Amino acid sequence: MKTEDYSSSHYVKNADLRAELIKSKEQDELTPEAVAMIIQIATKLSNRLHYVNPDDKEDCIQYAILDCISYWRNYDP
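Residues numbered from 1 in each chain as written. Predicted model: local features only at pLDDT ≥ 70, side-chain atom pairs only at ≥ 80, totals over all residues. Heavy atoms only, no water.

1. A look at the nonpolar core
Let me state the cut-off plainly: Only buried Ala, Val, Leu, Ile, Met, Phe, Trp, Tyr and Cys residues count toward a nonpolar core, and they belong to the same one when joined by side-chain atoms within 4.5 Å. Each residue is assigned to one of three classes by its accessible area relative to the maximum for its type, calculated with a 1.4 Å probe on protein chains only: buried under 20%, partly exposed between the two thresholds, exposed over 50%. Helix and strand assignments come from DSSP, with helices taken as H or I runs of at least 4 residues and strands as E runs of at least 2, each series counted from the N terminus. Any two residues whose heavy atoms approach within 4.5 Å are treated as being in contact.
Val12, Leu17, Leu21, Leu30, Ala34, Met37, Ile38 and Trp72 together form the largest nonpolar core, which totals eight residues. Taken together, the elements giving at least two residues each to this core come down to helix 1 (14-27) and helix 2 (32-46). In terms of residues, this core owes the most to one element, helix 2, which gives three residues. Setting aside its immediate chain neighbours within four residues, Trp72 contacts Leu21, Ser24, Lys25, Asp28, Glu29 and Leu30.

2. Thoughts on helix 3 (residues 54-71)
One full turn of an α-helix is made of 3.6 residues, so residues set three or four places apart face in the same direction. As a reminder, the rule being used: Helix span, expected: 1.5 Å multiplied by one less than the number of residues in the helix. Each polar contact in these results corresponds to two N or O atoms within 3.5 Å; when the atoms are within protein, one needs to be able to donate a hydrogen and the other to accept it, and residues that are neighboring in sequence are counted only if both atoms are side-chain atoms.
Across its 18 residues, helix 3 extends 26 Å between first and last C-alpha, which sits within 8% of the 26 Å expected from 1.5 Å per residue. Measuring from the side-chain oxygen of the N-cap residue of helix 3 to the backbone nitrogen of Asp55 gives 3.0 Å; that N-cap residue is Asn53.

3. Some details on the pattern of salt bridges
Put simply, the test is: Salt bridge criterion: a side-chain nitrogen from Lys or Arg within 4 Å of a carboxyl oxygen from Asp or Glu.
Under the defined criterion, the tally for this structure stands at two salt bridges. The salt bridge involving Glu20 is made with Lys23; its shortest N-O contact spans 3.4 Å. Of this pair, Glu20 and Lys23 both sit in helix 1, three residues apart, roughly one helical turn. Between Arg73 and Asp28 there is a salt bridge; the shortest N-O distance is 3.2 Å. One end of the pair, Arg73, is in the segment after helix 3; the other, Asp28, is in the loop between helix 1 and helix 2, and 45 residues separate them in sequence. Exposure remark for Arg73: the relative accessible area of 46% places this residue in the partly exposed category.

Rendered as structure tokens:
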């Protein structure tokens, strides 16, 4: 699966994310596809909330991405 596929309007499928995380654990490094999926999830979830300041929204997205990237090794398939 290509990284560009996740920049479109399609949302991340659980099976695709699971497969990428398993592949990442085998390689001991996050794949670019997994990173793209994490970014898309964080961005789409941020649209559910209302932010007074647009910078707050960006901060929340970046914190969510950082959190996922920091703890991805804890994923237990």
